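# What the coordinates show
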Amino acid sequence: QVRLVESGGGSVQAGGSLRLSCTASAYTYSWNCVAWFRQAPGKEREGVAIAYRGDGNTDYADSAKGRFTISQDKAKNTAYLQMNNLKPEDTAMYYCAAPYTYGRCSQKWWDPASFPHWGQGTQVTVSS
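Residues numbered from 1 in each chain as written. Predicted model: local features only at pLDDT ≥ 70, side-chain atom pairs only at ≥ 80, totals over all residues. Heavy atoms only, no water.

### Side note on the sheet that holds strand E3 (residues 18–24)
For the record, the criterion: Two strands are counted as paired when DSSP detects at least two bridges linking them. Only DSSP runs of H or I with at least four residues qualify as helices, and only runs of E with at least two residues qualify as strands; both kinds are numbered from the N terminus onward. Lines fitted to the C-alpha atoms define the axes, with helices restricted to the stretch that makes contact. Angles between their N-to-C directions range from 0 to 180 degrees.
The 4 strands lie next to each other as E1-E3-E8-E7, forming an open sheet whose pairing is antiparallel. If you trace the sheet from one side to the other, it starts and ends with strand E1 (4–7) and strand E7 (68–73), each paired once. Strand-to-strand twist across the sheet, computed as the mean angle between neighbouring axes with direction ignored, equals 15°. Across 4 bridges, E1 lies against E3 in antiparallel orientation. By the bridge assignment for E3, Glu6 is matched with Cys22.

Shown next, in the form of structure tokens:
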């Protein structure tokens, strides 16, 4: 069974930085893309960024463009989300998500329903 494990969350002041990590536990698992989502209290889960394995392309939500960078270490089945210039509105639980092994990646990557595998989340809190 594939298990995604996130780490790297914490509490920072506005303007600070954090780097989140997501590692897939099953050595036989290989993702064609990996995405980061976040969910703030009382709000829906929203897509933040996605990285594609094959061509390395990335895409970001407007709220993340220019501040967040998604990357991946394919050999380690690990994805990262570097978050700079954090704002209080970035406060949320952050989740990584991945498709089935060698599964297709939906064009609607921002839709949580596009991903069957999820991590347990890591909390990011940004104070003003």
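From this point on, the discussion continues.
### Considering the packing of aromatic side chains
The cut-off we apply is this: Stacked, edge-to-face and tilted are the three classes for Phe, Tyr and Trp ring pairs, Trp counted by its six-membered ring, which pair at centre distances within 6.5 Å; planes under 30 degrees apart are stacked, over 60 edge-to-face, the rest tilted. Accessible area is worked out with a 1.4 Å probe on protein chains only. A residue is then buried under 20% of its type maximum, exposed over 50%, and partly exposed in between.
For the structure shown, the criterion picks out 5 aromatic pairs. Relative to Phe115, the ring of Phe37 has its centre 5.7 Å away and its plane inclined at 75°; by these criteria the two rings are edge-to-face. Separated by 78 residues along the polypeptide, Phe37 in strand E4 (residues 33–39) and Phe115 in the loop between strand E9 (92–98) and strand E10 (117–118) bring together distant segments of the chain. Accessibility expressed as a relative area gives 7% for Phe115, which makes it buried. Plain terms: the ring middles of Tyr95 and Trp118 are 6.4 Å apart, the flat faces sit at 80° to each other, and that makes the pair edge-to-face. Note that Tyr95 is positioned in strand E9 and Trp118 in strand E10, a separation of 23 residues in sequence.

### Observations concerning the environment of Ser106
Note the cut-off: Note on contacts: a residue pair qualifies if any of its non-hydrogen atoms lie within 4.5 Å across the two residues. Any pair of nitrogen or oxygen atoms within 3.5 Å is treated as a polar contact; in protein, a donor-acceptor pairing is required on top of that, and neighbouring residues in sequence qualify only through side-chain atoms on both sides.
For Ser106, the position within the fold is in the loop between E9 and E10. Residue classification places Ser106 among the partly exposed residues on the basis of a relative accessible area of 31%. Look past the residues within four positions of Ser106 in its chain and what remains in contact with it is Tyr52 and Ser114. Within the structure, Ser106 has its side chain in polar contact with the backbone nitrogen of Lys108 (distance 3.0 Å). There is a polar contact of 3.4 Å between the side chain of Ser106 and the side chain of Ser114.

### Details of the pattern of salt bridges
Put simply, the test is: Note on definitions: salt bridges are taken to be side-chain nitrogens of Lys or Arg within 4 Å of carboxyl oxygens of Asp or Glu.
Tallied over the entire structure, the rule returns 4 salt bridges. Residues Arg38 and Glu46 are paired through a salt bridge, measuring 2.6 Å at the closest nitrogen-oxygen approach. The class of Arg38 is buried, set by a relative accessible area of 6%. Using a relative accessible area of 35% as the deciding quantity, one classes Glu46 as partly exposed. Residue Arg38 pairs with Asp90 through a salt bridge whose shortest N-O separation is 2.9 Å. In this pair, Arg38 sits in strand E4 while Asp90 sits in the loop between strand E8 (78–83) and E9, placing the two residues 52 residues apart along the sequence. Like Arg38, the residue Asp90 is buried in the burial classification. Residues joined by salt bridges that share partners form a network here, namely Arg38, Glu46, Arg67 and Asp90.

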